[in-house]
Amino acid sequence: MTLVDSHCHLDDRQFSADRDETIARARAAGVETMLAIGSGDGPPDLEAAVRLAEAYPFLYATIGVHPHDASKATPGTFDRLRALATHPKVRAVGEIGLDYHYDLSPRPIQRTVFSAQLAIAREASLPIVIHTREAWDDTLAILRAEWQGAGVMHCFTGGPGQARQALDLGFHLAFGGVITFPKAESTRESARLTPLDRILVETDCPYLAPVPHRGKRNEPAFMLETVKYLAMIRNTTPEEIAGVTTRNFRALFQ
Ligand SMILES: [Zn+2]
Ligand SMILES: [Zn+2]
């Protein structure tokens, strides 16, 4: 069984001491491919994931300014993103979007930086990886007005209503460790109703480790727990979930 982790922060300093070993454990656990998310600590460094993708043939990268860091973006940031978008290992713009939970950047700036990056993705014909938290309506309004391509709602934690809205827009939904948490029943409902050809899996490591690793540092090797759980709640086999999520990943990003 081969797995794909569609969203991991392998550049995170929590992996500083054992990054190579973490990546080796992932491969040993069957995680064949990983999409390294490049938002890092925000501008001016936009290449956190590109550096990793250059070092490992089975790693791919995204580029983008996280909504938390929107206020650090300058005109030069967007020029650099436009240039990086042509790098052969860069497969998406993300994670981009809106986060009204932490409000680490002012909301109007988050919206402007989100829109600017949608334009960059459009010009480069790259899919997008969306982060949205407590900002669903604004995220959807901007996507409806400005986006027609492919994309992923990363770490999808919404209920069935939001799932249907995202699916209607053509998005894939990526499920992570949250679906294994006891209180996540409405997200599990979303995971049950998502068509097989629109499902992805992710760790979002080092965050959100699935049960039984909950509370610990997450890593791509834990992908299997989420795949097994998703198979259980959908009444299918881990092999089928691994197969479809790998195919979906390849169609979108490879
Ligand atoms: Zn996120
Ligand atoms: Zn993330």
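Refer to the structure printed above.
Residues numbered from 1 in each chain as written. Chains lettered and ligands numbered in written order. Predicted model: local features only at pLDDT ≥ 70, side-chain atom pairs only at ≥ 80, totals over all residues. Heavy atoms only, no water.

## Quick look at the environment of Gly64
- Structurally, the position occupied by Gly64 is in the loop between strand 3 (59–63) and helix 3 (75–84).
- By relative accessible area, which is 1% here, Gly64 ends up buried.
- Along the primary structure Gly64 and Val152 are separated by 88 residues, whereas in three dimensions their C-alpha atoms are 14 Å apart.
- Contacts of Gly64, omitting those with residues within four sequence positions, involve Gly38, Ser39, Leu81, Gly94, Ile96 and Gln117. (Helix = DSSP H or I, 4+ residues; strand = E, 2+ residues; numbered from the N terminus. Buried < 20%, exposed > 50% of the residue type's maximum accessible area, 1.4 Å probe, protein only. Contact = heavy atoms within 4.5 Å.)

## Quick notes on the coordination of the zinc ion (ligand 1)
- Donor atoms from the polypeptide that bind the zinc ion (ligand 1) are Glu95 (OE), His131 (ND1) and His154 (NE2), placed at 2.0 to 2.1 Å.
- Sequence positions of the donors to the zinc ion (ligand 1) reduce to the motif E-x35-H-x22-H.
- Taken as an interatomic distance, the gap from the zinc ion (ligand 1) to the zinc ion (ligand 2) is 3.5 Å; Glu95 donates to each of them. Here Glu95 is found in strand 4 (residues 90–99), whereas its partner His131 is found in strand 5 (residues 128–133), with 36 residues between them in sequence. Per residue, the accessibility class of Glu95 equals that of His131, and both read buried. (Donors = N, O, S within 2.8 Å, 3.2 Å for Na, K, Ca; no water.)

## What about the coordination of the zinc ion (ligand 2)?
- Taken together, His7 (NE2), His9 (NE2), Glu95 (OE) and Asp204 (OD) make up the protein donors of the zinc ion (ligand 2), found 2.1 to 2.4 Å from the metal.
- Here the zinc ion (ligand 2) binds 4 donor atoms, and the angle range of 89 to 176° at the metal identifies the geometry as irregular.
- Linear spacing of the donor residues for the zinc ion (ligand 2) on their chain is H-x1-H-x85-E-x108-D.
- The exposure class assigned to His7 is buried, which follows from its relative accessible area of 1%. (Tetrahedral: all angles 85-135°; square planar, octahedral: opposite > 155°, others 65-115°.)

## Section: the environment of Leu169
- Structurally, Leu169 can be placed in the loop between helix 6 (160–168) and strand 7 (172–175).
- Remark: the alpha-carbon pair of Leu169 and Thr237, spanning 68 residues in sequence, is separated by 28 Å.

## Section: the pairing of strand 2 (residues 31–36)
- Counting buried positions along strand 2 yields 5 of 6 residues, so the element is predominantly enclosed.
- Sheet topology places strand 1 (residues 3–8) next to strand 2; 4 bridges connect them, and they run parallel. Counterpart to Val4 in the pairing with strand 2 is Thr33.
- The parallel pair strand 1 and strand 2 is bridged by helix 1 (residues 19–28), and the resulting crossover is right-handed.
- As judged from the 3 bridges shared by strand 2 and strand 3, these two strands associate in the parallel manner. (Pairing = 2+ DSSP bridges. Right-handed = clockwise from strand over helix to strand, strands pointing away.)

## Observations concerning the packing of helix 3 against helix 4 (residues 107–124)
- Relative to each other, helix 3 and helix 4 sit at 25°, their axes nearing to 10 Å. Taken together, the axis directions place helix 3 and helix 4 in an arrangement best described as roughly parallel. In the crossing of helix 3 with helix 4, the sense of the turn from one axis to the other is right-handed. Contacts from Phe78, Leu81 and Arg82 of helix 3 reach helix 4 at Val113, Ala116, Gln117, Ile120 and Glu123.
- Looking at the contact of helix 3 with helix 4 residue by residue, the classes come out as 5 nonpolar, 1 polar and 2 charged. (Axes fitted to C-alpha atoms, helices over the stretch in contact; angles between N-to-C directions. Parallel < 35°, antiparallel > 145°, perpendicular 65-115°, else oblique. Left-handed = near helix turned anticlockwise from the far one by under 90°. Nonpolar A, V, L, I, M, F, W, Y, C, P; charged D, E, K, R; others polar.)

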